[in-house]
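Reading the structure
Now for the letters of each chain:
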Amino acid sequence: MIKRFLYNFFRGRNGFDQLALTTWFLAMVFLLISLFGGVVGTVASVLSLAALFCTFFRSLSRNIGKRSAENSRFLSATAGLRRKFQNLKTRVSQGREFKFFTCPTCHTLLRVPRGKGKIQITCRKCGNRFSGKT
Ligand SMILES: [Zn+2]
């Protein structure tokens, strides 16, 4: 019954998208900071409430077109940052078997097996060649 209620409640609404998830996360971070008290704590608690308001306002909004436009703007604005983070995750998880190089021309992350000595690396994106030690 609760499931059905939630289903009906969220039908036709924007729901939790990546931007809502981010504002929710920010709200939690500010909430933690607000525990320290003082002027910083007061400012943080206000920011936390504002972020929480954004999260719920956007999730429950029925203006899905506008909200999804906001979300895609947010995604394209943070694309570089998210790619960097993704690259870092890949490096950490595969760092034992592979050595990673960044193409000096187009900055694409390139993966080469370790232990091959000094090799010529060809960028798979722009075709630039450079040498590296694995
Ligand atoms: Zn390249």
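Residues numbered from 1 in each chain as written. Predicted model: local features only at pLDDT ≥ 70, side-chain atom pairs only at ≥ 80, totals over all residues. Heavy atoms only, no water.

**Side note on the side chain of D17**
Mapped onto the secondary structure, D17 falls in the loop between α1 (2–10) and α2 (18–34). The exposure class assigned to D17 is buried, which follows from its relative accessible area of 12%. Engagement of the side chain of D17 in a polar contact is seen with the side chain of N14, the distance being 3.1 Å. There is a polar contact of 2.9 Å between the side chain of D17 and the backbone nitrogen of A20. (Helix = DSSP H or I, 4+ residues; strand = E, 2+ residues; numbered from the N terminus. Buried < 20%, exposed > 50% of the residue type's maximum accessible area, 1.4 Å probe, protein only. Polar contact = N/O pair within 3.5 Å; in protein donor to acceptor, adjacent residues only side chain to side chain.)

**What to know about the domain arrangement of the protein**
Partitioning the protein into structural domains gives domain 1 (2–77) and domain 2 (83–133). Its C-alpha centre places domain 1 at a distance of 37 Å from the equivalent point of domain 2. (Domains from an automatic or database assignment.)

**A closer look at the pattern of salt bridges**
Scanning the model with the defined rule gives three salt bridges in all. With a shortest N-O distance of 2.6 Å, E70 and R58 are connected by a salt bridge. Here R58 lies in helix α3 (residues 38–60) and E70 lies in helix α4 (residues 64–77), a separation of twelve residues in the sequence. Here E70 matches R58 in class, with each residue buried. For E70, the salt bridge goes to R67, with nearest N and O atoms at 2.9 Å. One end of the pair is E70 and the other is R67, both in helix α4 and three residues apart, which spans about a single turn. For the pair formed by E70 and R67, the shared burial category is buried. When salt bridges that share partners are traced, they join D17, R58, R67 and E70 into one network. (Salt bridge = Lys/Arg side-chain N within 4 Å of Asp/Glu carboxyl O.)

**Description of the packing of aromatic side chains**
Evaluated as defined, the whole model comprises six aromatic pairs. Centre to centre, the rings of F16 and W24 are 6.5 Å apart; their planes meet at 65 degrees, and the pair counts as edge-to-face. With relative accessibility at 33%, the residue W24 sits in the partly exposed group. Here F101 and F130 contribute two aromatic rings whose centre-to-centre distance is 6.3 Å and whose plane-to-plane angle is 70 degrees, an arrangement assigned as edge-to-face. Taken together, the residues span a long stretch of sequence, with F101 in strand β1 (residues 98–102) and F130 in strand β4 (residues 129–133) at a distance of 29 residues. (Phe/Tyr/Trp six-rings, centres within 6.5 Å; stacked < 30°, edge-to-face > 60°.)

**Here's the deal with α4**
Since the α-helix turns once every 3.6 residues, residues separated by three or four places project in the same direction. An ideal rise of 1.5 Å per residue puts 20 Å on 14 residues; α4 measures up with 20 Å between its terminal C-alpha atoms. For α4, the secondary structure elements touched by its buried residues are α2 and α3. (Expected span 1.5 Å × (residues − 1). Contact = heavy atoms within 4.5 Å.)

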